[in-house]
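Here is how the chains run, residue by residue.
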Amino acid sequence: MRHLTIHAAFLTVALQASSVAARERLPEPVDRLDTRPARLRGCVDVRDFGASANAGTSVQSDSAAAFQATADEALRTGRSICIPAGSYYLSAGFKIEQSETISDATPRPSIVGDGDGTTRLVFGPGDFAGITYVGGRSGAGPHVYAEIRGMRLEKADVRGSALRLSRTAFLSVARVTALGWHVGLEGTDVLLTSVRDTTLVWNHYGAMLARGTFSHPNAIAFSDSRIGNNAECGILAKHPTLLSVQGGEVGANGVTGTSTRRGGIVVDGGPLEGGVGLVADHVYFEGNTGLADVIIQADGASGVHSIHASTFNRVSAKSFATNMVRASGAALVKIDLSANAFKRLGDYSPKPERPYVDMSGATHPDSKLVFSDSNLMDDPVVEGRLRLPPAAPR
């Protein structure tokens with residue numbers, strides 16, 4: 001017992017000494033607020049050019065010119081833009097444009113805020129883009145290798161685009177919230193781009209992707225993002241190749257819109273620059289209205305689309321889409337559905353005119369639905385009677 005007492009006392013002293021030494025030795029946490037001047041942090045601070053971080057929605061504290069001056073300085077010096085926590089009012093957007101860039105070695109500024117919960121950019125009325133990022137026209141010009149991260153972009157008049165990307169590749173958008181715009185994320189000639197942990201809500205369109213002069217949307221990945229309450233649809237992509245939606249929620253889109261193709265995700269045309277169109281995996285679909293949670297218009301090119309391990313919920317007798325997955329068009333289309341759940345919740349009542357999957361408008365003779373036994377259906381008899389392509393075997 002005496003040996004145990006001595007040993008315990010020794011351990012107590014040793015742990016105390018170790019704790020003191022550790023406190024003296026450990027560095028400060030790497031994610032602590034860096035209060036050094038921007039020039040020492042390697043970025044260009046919008047406050048150094050006159051931006052007011054305490055403006056709220058005050059028109060008298062307009063920071064639009066300061067933000068553009070910061071962007072110009074970032075381009076000139078090859079540094080990134082930092083936007084510290086605060087609320088900034090901008091009467092117009094700002095732009096990073098590198099149209100003449102052709103080399104991979106040219107610096108491309110990132111735009112980094114403190115977080116979408118703390119860095120708030122409030123834009124005034126008008127049809128403009130909050131942030132415009134334009135890459136080069138040729139060579140390695142579109143290779144951006146940059147990031148837009150950590151900010152909230154909001155508007156009150158539902159006009160313009162929060163983010164407008166043009167001729168960009170290898171661009172990352174992360175922890176950005178866009179609300180109150182016509183389009184939350186607008187991409188033209190965009191490829192190899194990731195959108196993660198991002199919120200696109202209360203816009204007309206959450207995201208809109210299309211070809212401009214040289215590329216359809218290719219290899220665009222949305223991950224763990226919330227895309228909801230957009231009037232027309234959550235994502236509208238024209239002829240995308242490998243449009244990937246992984247995790248997150250696509251919900252309550254199409255509720256107040258007027259388009260004939262309202263819904264959650266709309267794939268407008270087959271993948272013209274590849275063979276695989278939409279790939280959706282472990283996505284939460286709920287409360288979308290209009291035609292369907294997923295709409296695939298198979299025109300222009302044949303394509304394969306895959307939806308896996310996702311849940312489709314109809315939760316209200318007043319707000320629901322006609323179908324959960326709907327495909328139509330003259331081009332060859334193949335849809336693979338596996339390990340999904342088609343659920344009825346709340347006061348929703350099933351109706352035979354609202355089948356889970358409707359491919360009756362897919363007219364190509366080889367169009368096909370692969371519906372795995374691993375799918376779970378709440379109403380297999382009523383709404384589970386799938387409408388197959390006209391030429392498909394019954």
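Residues numbered from 1 in each chain as written. Predicted model: local features only at pLDDT ≥ 70, side-chain atom pairs only at ≥ 80, totals over all residues. Heavy atoms only, no water.

### Re the overall build of the protein
Along the protein, the regular secondary structure elements total three helices and 29 strands. The buried share of the protein, reckoned over its 394 residues, is 50%. Looking at the protein alone, contacts between residues at least 24 apart form 74% of all its contacts between residues at least 6 apart. Looking at the protein as shown, the accessible area adds up to about 17,400 Å², and 55% of this sits on carbon and sulfur atoms. (Helix = DSSP H or I, 4+ residues; strand = E, 2+ residues; numbered from the N terminus. Buried < 20%, exposed > 50% of the residue type's maximum accessible area, 1.4 Å probe, protein only. Contact = heavy atoms within 4.5 Å. Areas by Shrake-Rupley, 256 points an atom, 1.4 Å probe, with all protein chains shown as cover.)

### A short note on the pairing of strand β24 (residues 321-329)
Sheet analysis places strand β21 (residues 290-297) next to β24, joined by six bridges and oriented parallel. Looking across to β24, one finds that glutamine 297 is bridged to serine 328. Examined bridge by bridge, β24 and strand β27 (residues 357-362) share four bridges and lie parallel to one another. For arginine 326, the partnering residue across the bridge sits in β27 and is aspartate 358. (Pairing = 2+ DSSP bridges.)

### Regarding the environment of leucine 242
Along the chain, leucine 242 falls in strand β16 (residues 241-246). The exposure class of leucine 242 is partly exposed, given its relative accessible area of 44%. Excluding residues within four positions of it along the chain, leucine 242 makes contact with Ala219, Ile220, Val276, Gly277 and Val279.

### Side note on the state of the cysteines
Every disulfide links exactly two cysteines, by a covalent bond between their sulfur atoms. Across all of its chains, the model carries one disulfide by this definition. Disulfide partner of cysteine 43: cysteine 82, at an S-S distance of 2.4 Å. Looking along the S-S bond of the cysteine 43-cysteine 82 disulfide, the torsion reads about 70°, which is the right-handed sense. With cysteine 43 in strand β1 (residues 43-45) and cysteine 82 in strand β2 (residues 80-83), this pair connects stretches of sequence that are 39 residues apart. Neither residue differs from the other here; cysteine 43 and cysteine 82 are each classed as buried. (Disulfide = S-S within 2.5 Å.)

### Things to note about the nonpolar core
Counting 73 residues, the largest nonpolar core has Ile111, Leu153 and Phe222 as the members making the most contacts within it. Per element, the largest residue contribution to this core is seven residues, and it comes from strand β9 (residues 161-179). With near-sequence residues (within four places) excluded, isoleucine 111 lies in contact with Ile81, Ile83, Phe94, Ile96, Ile131, Tyr133, Glu147, Ile148, Arg149 and Met151. Val183, Tyr205, Cys233 and Leu236 belong to the second-largest nonpolar core, a separate cluster that totals seven residues. (Core = buried A, V, L, I, M, F, W, Y, C linked by side-chain atoms within 4.5 Å.)

### With respect to the confidence of the model for the protein
Looking at the protein as a whole, its pLDDT mean stands at 89, while 88% of the residues score no less than 70. Ignoring residues within four places in sequence, the model shows residues 1-33, a span with pLDDT below 50, making one contact including any to other chains. (pLDDT = per-residue confidence, 0-100.)

### Considering the side chain of asparagine 253
By secondary structure assignment, the location of asparagine 253 is in the loop between β17 (249-251) and β18 (263-268). A polar atom in the side chain of asparagine 253 sits 3.1 Å from the backbone oxygen of isoleucine 227. Residue contacts for asparagine 253: discarding those within four places in its chain leaves Ile227, Gly228, Asn229, Asn230, Cys233, Gly234, Gly263, Gly264, Gly287, Asn288 and Thr289. (Polar contact = N/O pair within 3.5 Å; in protein donor to acceptor, adjacent residues only side chain to side chain.)

### Things to note about the packing of aromatic side chains
Each aromatic ring pair is summarised here by two numbers: the centre-to-centre distance and the angle between the ring planes. Applying the stated criterion to the full structure yields 11 aromatic pairs. Ring plane angle 50° and centroid distance 5.3 Å describe the contact between phenylalanine 67 and phenylalanine 94, whose orientation is recorded as tilted. With a gap of 27 residues between them, phenylalanine 67 in helix α3 (residues 64-77) and phenylalanine 94 in strand β4 (residues 94-97) connect regions that are remote in the sequence. The same class applies to phenylalanine 67 and to phenylalanine 94, which are both buried. (Phe/Tyr/Trp six-rings, centres within 6.5 Å; stacked < 30°, edge-to-face > 60°.)

### Some points on the pairing of β18
Every other side chain in a regular strand lies on the same face of the sheet, so the side chains alternate between the two faces. Of all six residues in β18, six are buried, a share of seventy percent or more. Where strand β15 (residues 233-238) lies against β18, five bridges are found, and the strand directions are parallel. Looking across to β18, one finds that leucine 236 is bridged to valine 266.

### Here we look at the side chain of lysine 155
In this structure, lysine 155 sits in the loop between β8 (143-154) and β9. At 3.2 Å, the side chain of lysine 155 and the backbone oxygen of glycine 124 are in polar contact. Other than its neighbours up to four places away in sequence, lysine 155 contacts Phe123, Gly124, Pro125, Gly126, Phe128, Leu179, Gly180 and Trp181.

### Some thoughts on unusual backbone geometry
Here arginine 175, not a glycine, exhibits a phi torsion of approximately 50°, which is positive. If you trace the backbone, arginine 175 turns up in strand β9. The exposure class assigned to arginine 175 is partly exposed, which follows from its relative accessible area of 42%.

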